[in-house]
Amino acid sequence: MPSVNTLDPILAPYEGKDLLIPKEANMLTYQLIERLMEHSCDKATLKLLARYLSKQSYEELVTERIINHYCGYPLCDFRDPGRIKEMQINKLVSKLKLPRSYNHKYCCKKHYQCSEFYKQQLGTDALFARTKLDLPQFHPKAPESSIILLDDIFDPEGKANPDDIMLLLREMSISDPHLETDNLIDQFNNIVIREKNIE
Ligand SMILES: [Zn+2]
């Protein structure tokens, strides 16, 4: 299955519009989810999605991927109908957020964390309420330009500001105390310390 590396054909009908009416916004959201629910995408595409997806619509995308038996993280093309699937868990159990409950949603713990880290950075406003949709892709003021992927942090090419990353990790642990962000923070600190020693 080829990876999605451009959203241009989906975005083309809306080119030049700085604002979408609700009907257009719903259509575009639907098309983006449909495109990505059965494919992996590259990092640039995932970042660009931040301009269009809210936390809620991202969760819808993750759910659709799981229904299609794909790892919930859009950068991943792992598929296993025996393991990745929608599970009806009773409300009490899901509230307890049992350890490893991500196991039937993501291929691994890392992708669960990557997905939560990405979601943390998405806006809460609906697409039809967003303006400046006509900014060129990756314009410095566009939402996608400030997205940091967890994948990039643990990749030596990452050029993100350590303070921004720390803030995101702390916010993640507040919004989901079960996420085990402590070891992410530790790992990240080790990387920063190592880089400082090299300088
Ligand atoms: Zn995965």
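Because the structure is predicted, anything quoted here is derived from the model rather than measured.

Cut-offs and rules
Residues numbered from 1 in each chain as written. Predicted model: local features only at pLDDT ≥ 70, side-chain atom pairs only at ≥ 80, totals over all residues. Helix = DSSP H or I, 4+ residues; strand = E, 2+ residues; numbered from the N terminus. Buried ≥ 20, exposed ≤ 12 C-beta atoms within 10 Å, placed from the backbone. Contact = placed C-beta atoms within 7 Å. Axes fitted to C-alpha atoms, helices over the stretch in contact; angles between N-to-C directions. Left-handed = near helix turned anticlockwise from the far one by under 90°. Nonpolar A, V, L, I, M, F, W, Y, C, P; charged D, E, K, R; others polar. Expected span 1.5 Å × (residues − 1). Arc of directions from axis to C-beta. Core = buried A, V, L, I, M, F, W, Y, C linked by C-beta atoms within 7 Å. Parallel < 35°, antiparallel > 145°, perpendicular 65-115°, else oblique.

**Details of the overall build of the protein chain**
Helix and strand content of the protein chain: nine helices and zero strands. For the protein chain, the succession of helices and strands along the chain, N to C, is α-α-α-α-α-α-α-α-α. Considering the protein chain as a whole, with its 199 residues, one finds that 27% of them fall into the buried category. A fraction of 68% describes how many contacts in the protein chain between residues 6 or more apart in sequence connect residues 24 or more apart.

**Notes on unusual backbone geometry**
In this model, K132 sits at a positive phi of 60°, which is unusual for a non-glycine residue. Looking at where K132 falls in the secondary structure, it is placed in the loop between α6 (109-120) and α7 (150-153). With a phi angle near 60°, F138 is a residue other than glycine that sits in the positive phi range. Inspection of the secondary structure puts F138 in the loop between α6 and α7. Owing to 12 C-beta atoms within 10 Å, F138 belongs among the exposed residues under this scheme.

**Observations concerning the environment of K23**
By secondary structure assignment, the location of K23 is in helix α2 (residues 22-36). As for K23 and F128, which are separated by 105 residues in sequence, their C-alpha atoms are 8.4 Å apart.

**Brief notes about the packing of α2 against helix α4 (residues 55-67)**
Put simply, α2 and α4 touch, their axes get as near as 9 Å, and they point 35° apart. As α2 packs across α4, the resulting crossing turns out to be right-handed. Judged by residue contacts, T29, I33 and L36 of α2 engage S57, E60, L61 and E64 from α4. In terms of residue class, the contact of α2 with α4 is built from three nonpolar, two polar and two charged.

**So, helix α8 (residues 162-175)**
Under the 1.5 Å per step criterion, the end-to-end length of α8 is 20 Å for 14 residues, consistent within 8% with the ideal 20 Å. For α8, the complete set of buried residues consists of I165, L168, L169 and M172. Seen from one end, α8 has its buried residues packed into an arc of 100°, which puts them on one side. For α8, exposure combined with an orientation more than 90 degrees from the buried face picks out D163, L167, R170 and I174.

**With respect to the nonpolar core**
Ranked by size, the top nonpolar core spans 38 residues in total, and within it L32, L49 and L53 carry the most contacts. When contributions to this core are tallied by element, the ones reaching two or more residues are α2, α3 (43-49), α4, α6, α7 and α8.

**Here we look at the packing of α6 against α8**
Between α6 and α8, the least distance of the axes is 10 Å, while the angle of their chain directions is 100°. One finds that α6 runs roughly perpendicular with respect to α8. Here E116, F117 and Q120 of α6 come into contact with α8, specifically with L168, E171 and M172. Tallied by class, residues from the contact of α6 with α8 come to three nonpolar, one polar and two charged.

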